Amino acid sequence: MKRIKLNFAVIAFLLGTGVAVASTAQKANVKWGFNGTSYEPVSGNYDCAPSTKVCTRTYPEGQNPNINADGYLTQELGDFAQ
C-alpha cells in the first residue's frame with residue numbers, strides 16, 4: 001500500500017512539474033521594418049518591393065534593433081513601405 005502511494009506521489013510530482021514547464025510564458029517575437037536609416041516596429045500591413053536591401057527583420061521581444069541589430073530570427077529582403 002505504501003508503495004502504491006509513493007508511486008502516485010511520484011507520478012503527481014512529475015505531471016505537476018511538466019505542466020509548470022509547459023505553461024511558462026514564452027516571449028513573443030517582434031517584426032521591425034527598415035526604413036533606410038533606422039528600424040520601426042511593423043504595425044498592420046506593409047510592403048517589401050523587390051530589392052536586395054533588408055526590408056524587415058524579426059527580433060525577440062525586448063530587443064531594439066536600433067541599439068543592437070545582431071541576433072535577428074528571420075528577415076525579408078526588399079524596400080520597406082508601411
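The structure displayed is predicted, hence computed values, not measured ones.

Procedures and definitions
- Residues numbered from 1 in each chain as written.
- Predicted model: local features only at pLDDT ≥ 70, side-chain atom pairs only at ≥ 80, totals over all residues.
- Heavy atoms only, no water.
- Salt bridge = Lys/Arg side-chain N within 4 Å of Asp/Glu carboxyl O.
- Helix = DSSP H or I, 4+ residues; strand = E, 2+ residues; numbered from the N terminus.
- Buried < 20%, exposed > 50% of the residue type's maximum accessible area, 1.4 Å probe, protein only.

Caption draft 1: Broad picture of the pattern of salt bridges. Counting across every chain of the model gives two salt bridges. Linking Lys31 and Glu76 is a salt bridge whose minimum nitrogen-to-oxygen distance equals 3.3 Å. Of this pair, Lys31 sits in strand S1 (residues 29–34) while Glu76 sits in strand S4 (residues 74–81), and the two are 45 residues apart along the sequence. A relative accessible area of 29% means that Glu76 is categorised as partly exposed. Put simply, Lys53 and Asp79 hold a salt bridge, and the shortest N to O gap is 3.6 Å. Of the two residues, Lys53 sits in strand S3 (residues 47–60) while Asp79 sits in strand S4, which places them 26 residues apart along the sequence. For Lys53, a relative accessible area of 53% gives the class exposed. The exposure class of Asp79 is partly exposed, given its relative accessible area of 31%.

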